[in-house]
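# Coordinate inspection notes
So you can see what is in the structure, the chains are spelled out below.
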Amino acid sequence: MTMSHIAIRHKNSLVFLLLVWEAVVVSLNLFAGSDLLPAFQYAARLSARTSYILIIVLSLWVALTGLNRIFKSPYCRQLLLQLLVLFSINHVIHLVYVLINHYMSNQVLFRAENIPGALIYVLIIVLPLVLACHKETGTRIKLYLYINLNVILIAFGLTYLSRLLYPQNHLSPGWLYLTFLIVNSIVIIPGVYRIVKEY
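Residues numbered from 1 in each chain as written. Predicted model: local features only at pLDDT ≥ 70, side-chain atom pairs only at ≥ 80, totals over all residues. Heavy atoms only, no water.

The next thing to look at is the overall build of the protein chain. When helices and strands are tallied, the protein chain shows 7 helices and 0 strands. Listed N to C, the secondary structure of the protein chain is α-α-α-α-α-α-α in terms of helices and strands. Of all 199 residues assigned to the protein chain, the portion counted as buried reaches 41%. Considering only contacts within the protein chain whose residues lie at least 6 apart along the sequence, 75% involve residues at least 24 apart. For the protein chain, the accessible area works out to roughly 11,700 Å², and carbon and sulfur atoms hold 71% of it. (Helix = DSSP H or I, 4+ residues; strand = E, 2+ residues; numbered from the N terminus. Buried < 20%, exposed > 50% of the residue type's maximum accessible area, 1.4 Å probe, protein only. Contact = heavy atoms within 4.5 Å. Areas by Shrake-Rupley, 256 points an atom, 1.4 Å probe, with all protein chains shown as cover.)

Structure (structure tokens):
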């Protein structure tokens, strides 16, 4: 069995575990109460936390290791693609929860202030596709990945900052968002350093 077959099986296993995790999250919240709206609100929140952990781990690994070293190893390149796919799938699931929440609470989704967030979703979906479609990973692809990983981190950071500045009911406590924001800022530093060092 080749490394590529092992990597494909590994990726399929990770995607399966992710889907099981999301199904368990929704099921527990649905069984916990009779009201569907809070259940999907908590599901959206936990899926966002899952995305946050994935992007932090992914960005920190890329920043500390560097894409030059990662792309020299077929296994590491495949692992990078797997993590990007996993992150993308999870955030699409999160988007579904958000859409359900907006629908059930009669909120308007298509507003001008939601355009930046929509662009980030597109970026998250496109990112693994770009890597998968480019077998030759030259300078442009590496720089594209570096910049966009940091853009996604910044988007997460701005989201948590808005939660701190404009607290809403039934959301997580402020100290949790502050913790996320601090971790986010710390992880961005080596990411920016890597761009400056290599380019």
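Glancing now at the packing of aromatic side chains. Aromatic rings considered in pairs are described by the distance between their centres and by the relative angle of their planes. Scanning the entire structure with this criterion turns up 7 aromatic pairs. Geometrically, the ring pair formed by Tyr52 and Phe180 is tilted, given 4.7 Å between the ring centres and 45° between the ring planes. Note that Tyr52 is positioned in helix H2 (residues 36–65) and Phe180 in helix H7 (residues 174–198), a separation of 128 residues in sequence. For Phe180, a relative accessible area of 12% translates into the label buried. (Phe/Tyr/Trp six-rings, centres within 6.5 Å; stacked < 30°, edge-to-face > 60°.)

For the rest of this paragraph, the subject is the nonpolar core. In globular proteins that are soluble, nonpolar side chains generally tend to be buried together. If you look at the biggest cluster of nonpolar residues, it comprises 37 residues, and the most contacted ones within it are Ile55, Leu80 and Leu145. Of all the elements in the fold, those that place two or more residues in this core are H2, helix H3 (67–72), helix H4 (74–104), helix H5 (115–133), helix H6 (139–165) and H7. Of all the elements, H6 adds the most residues to this core, at 9 residues. In contact with Leu80, other than residues within four places in its own chain, are Leu58, Trp61, Val62, Leu67, Ile70, Phe71, Leu131 and Leu145. Ranked by size, the runner-up nonpolar core spans 5 residues in total, among them Phe40, Ala44, Ile93 and Tyr97. (Core = buried A, V, L, I, M, F, W, Y, C linked by side-chain atoms within 4.5 Å.)

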